[in-house]
Amino acid sequence: MLILTRLPGEAVVMETASGETAKVVVLENRGAQVRLGVIADRSISVDREEIYLRKQKERA
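Residues numbered from 1 in each chain as written. Predicted model: local features only at pLDDT ≥ 70, side-chain atom pairs only at ≥ 80, totals over all residues. Heavy atoms only, no water.

The name given to the protein chain in an unreviewed UniProt entry is Carbon storage regulator, with the source organism recorded as Marinobacter aromaticivorans.

Asker: Please explain the sheet that holds strand β2 (residues 21-30) as it appears in this structure.
Answerer: Two pairing modes exist for strands in a sheet, parallel and antiparallel, and in both the strands are linked by backbone hydrogen bonds. The strand order across the open sheet built from three strands is β1-β2-β3, with neighbouring strands paired in antiparallel fashion. Each edge of the sheet is formed by a strand with only one pairing partner; in this case those strands are β1 (11-15) and β3 (33-40). In this sheet, neighbouring strand axes are inclined to one another by 20 degrees on average, regardless of whether the strands run parallel or antiparallel. Where β2 and β3 come together, eight bridges link them in antiparallel fashion. From the neighbouring strand, N29 faces β3, where its bridge partner is V34. (Pairing = 2+ DSSP bridges. Helix = DSSP H or I, 4+ residues; strand = E, 2+ residues; numbered from the N terminus. Axes fitted to C-alpha atoms, helices over the stretch in contact; angles between N-to-C directions.)

And the structure:
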């Protein structure tokens, strides 16, 4: 696991081997709650983890 510290307005950028990119921006930090924004190529599916896991289970 990679652990990063980011302040509101800062971002983390990820790129796949095929060149697709996703950018996660910290929008706000309220105590234990963090609001994130995701900017990604349309070909990248972006889901909350519980939704992703449910989709994986439905495909099996």
